[in-house]
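# Reading the structure
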Amino acid sequence: MNDQLALPVGITLDRFIMRNEADFPFATGELSQLLRDIALAGKIVNRDINRGGLSDISGQFGSQNIQGEHQLKLDVIANIRFIRALKNGGEVCAIISEEDTELIPTGNNKAKYIVAIDPLDGSSNIDANVSVGTIFSIYRRVTPTGTVPTIGDALQKGDMQVAAGYILYGSSTMLVYTTGRGVNGFTYDYSLGEFFLSHPQIRTAPVGNIYSCNEGNMDDFPVAVQQYLHKCREQRLIGRYIGSLVGDFHRNLLKGGVYLYPATLKNPEGKLRLMYECFPLAYIVEQAGGAACDGKRRILDIMPDSMHQRAPLYIGSAKMVEDIYSLHFTHAS
Ligand SMILES: O=P(O)(O)OC[C@H]1O[C@](O)(COP(=O)(O)O)[C@@H](O)[C@@H]1O
Ligand SMILES: [Mg+2]
Ligand SMILES: [Mg+2]
């Protein structure tokens, strides 16, 4: 409490980024600028989402993405907005997007960062006016700057991320991110057009009383998960499931709890994508004291072999994730 009182009221995202950059003696400002570019695109997409019900922006776009999902107009609009901001910003040499099959070269071959992005998360909720989000993950390229980026630059372990975050377009709009020195949350003040630090150094409880899972798939779940969900019910834990990963994750991060998306018959590898859903949220939750696994491994230890690879995800309060992991272990042996 004293720390928070000590903090000047109204620290903007920009000032926070600048202050943090000062802590890195060799910082060159590129990552800071990249975070600003993402925040700017987020403000524009936030405006689009607020108009989500209006005819020119609602409904299907009429095409499918590589996941076989019907793209909504807002999926495509958000994708265009972020790609344009990242290209114009000049700090990114290539982009992985949920909405694009191939790696997107930006033409900035001198740039040293790669961004993986889920431009609009929770698409199935957009026309019902339920919280949605954007999820991003940032890597340093492995090939020399000045050369054309390759898939080798894109496919890196989750542990290699230099920054990750999400924007939650909910009752208020928030940007939450980490650069490996804790997790901070910023709330958007429309009247000033600024993100302000509202949740400094977020920590998540080791045990919470919330579990989030689409139990409609219960019969498909591994036995270990079915057992865990029964235990949650026996303990009268609170079941909360929005169906927008960012919304469910954010609530559990602040209140304590666990989100589960196991493998199902429809998605035997799991539904969620490693590069732009699992990795960024796993980095954030670990920086906040929580944990994330796929039932067998720590999510951040996974080496991806394709850009749109999926994985089961168990993420949130450390002790709850550990329990799920041990149940998997018990049933595997
Ligand atoms: O409808 P389901 O099977 O419960 O899946 C919901 C999950 O799928 C997602 O919508 C997938 O993300 P996208 O909307 O970005 O495709 C998650 O946000 C959410 O947690
Ligand atoms: Mg998503
Ligand atoms: Mg999406």
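Our subject is the structure listed above.
All figures in this text were calculated on a predicted structure; none of them were measured in a lab. (Residues numbered from 1 in each chain as written. Chains lettered and ligands numbered in written order. Predicted model: local features only at pLDDT ≥ 70, side-chain atom pairs only at ≥ 80, totals over all residues. Heavy atoms only, no water.)

The topology assignment puts Gln156 in the loop between helix H5 (151-154) and strand E7 (163-169). Exposure remark for Gln156: the relative accessible area of 6% places this residue in the buried category. One polar contact links the side chain of Gln156 to the main-chain carbonyl oxygen of Arg140, over a distance of 3.0 Å. Apart from residues lying up to four places away in sequence, Gln156 is in contact with Tyr139, Arg140, Arg141, Val142, Met275, Phe279, Met303 and Pro304. (Helix = DSSP H or I, 4+ residues; strand = E, 2+ residues; numbered from the N terminus. Buried < 20%, exposed > 50% of the residue type's maximum accessible area, 1.4 Å probe, protein only. Polar contact = N/O pair within 3.5 Å; in protein donor to acceptor, adjacent residues only side chain to side chain. Contact = heavy atoms within 4.5 Å.)

The next thing to look at is the packing of helix H7 (residues 245-255) against helix H8 (residues 274-287). Close contact between H7 and H8 brings their axes to 12 Å; oriented N to C, the two are set at 10 degrees. In this view, H7 runs roughly parallel relative to H8, as classed from their interaxial angle. For the pair H7 and H8, contact is made by Leu245, Phe249 and Leu253 and by Glu277, Leu281, Ile284 and Val285, respectively. (Axes fitted to C-alpha atoms, helices over the stretch in contact; angles between N-to-C directions. Parallel < 35°, antiparallel > 145°, perpendicular 65-115°, else oblique.)

The two faces of a sheet get side chains in turn, since along a regular strand they alternate between them. Judged by how many residues are buried, strand E8 (residues 173-178) sits mostly within the fold: six of six residues are covered. Along E8, one buried face is formed by Thr173, Leu175 and Tyr177 and the opposite face, lined by Met174, Val176 and Thr178, is buried too. Two strands pair when backbone bridges link them, and E7 and E8 are joined in this way by six bridges, in the antiparallel orientation. Note on E8: the bridge partner recorded for Ala164 is Thr178. Taken together, E7 and the strand that follows it, E8, pair antiparallel across an intervening segment of three residues. Pairing of E8 with strand E9 (residues 183-189), which is carried by five bridges, proceeds in the antiparallel orientation. (Pairing = 2+ DSSP bridges.)

Our next topic: the site of ligand 1. Surrounding ligand 1, one finds 17 residues, the nearest of these being Asp121, Gly122, Tyr241, Leu245 and Tyr261. Gly122 is positioned with one of its backbone polar atoms (N or O) 2.8 Å from an oxygen atom of ligand 1. With respect to ligand 1, the side chain of Lys271 contributes an N or O atom lying 2.9 Å from an oxygen atom. The protein chains hide 87% of the 470 Å² of surface that ligand 1 would expose on its own. Examining the composition of the shell around ligand 1, we find that three residues originate from one element, strand E5 (residues 113-121), more than from any other. Grouping the amino acids of the shell around ligand 1 by side-chain chemistry returns five nonpolar, five polar and seven charged. (Near = heavy atom within 4 Å. Areas by Shrake-Rupley, 256 points an atom, 1.4 Å probe, with all protein chains shown as cover. Nonpolar A, V, L, I, M, F, W, Y, C, P; charged D, E, K, R; others polar.)

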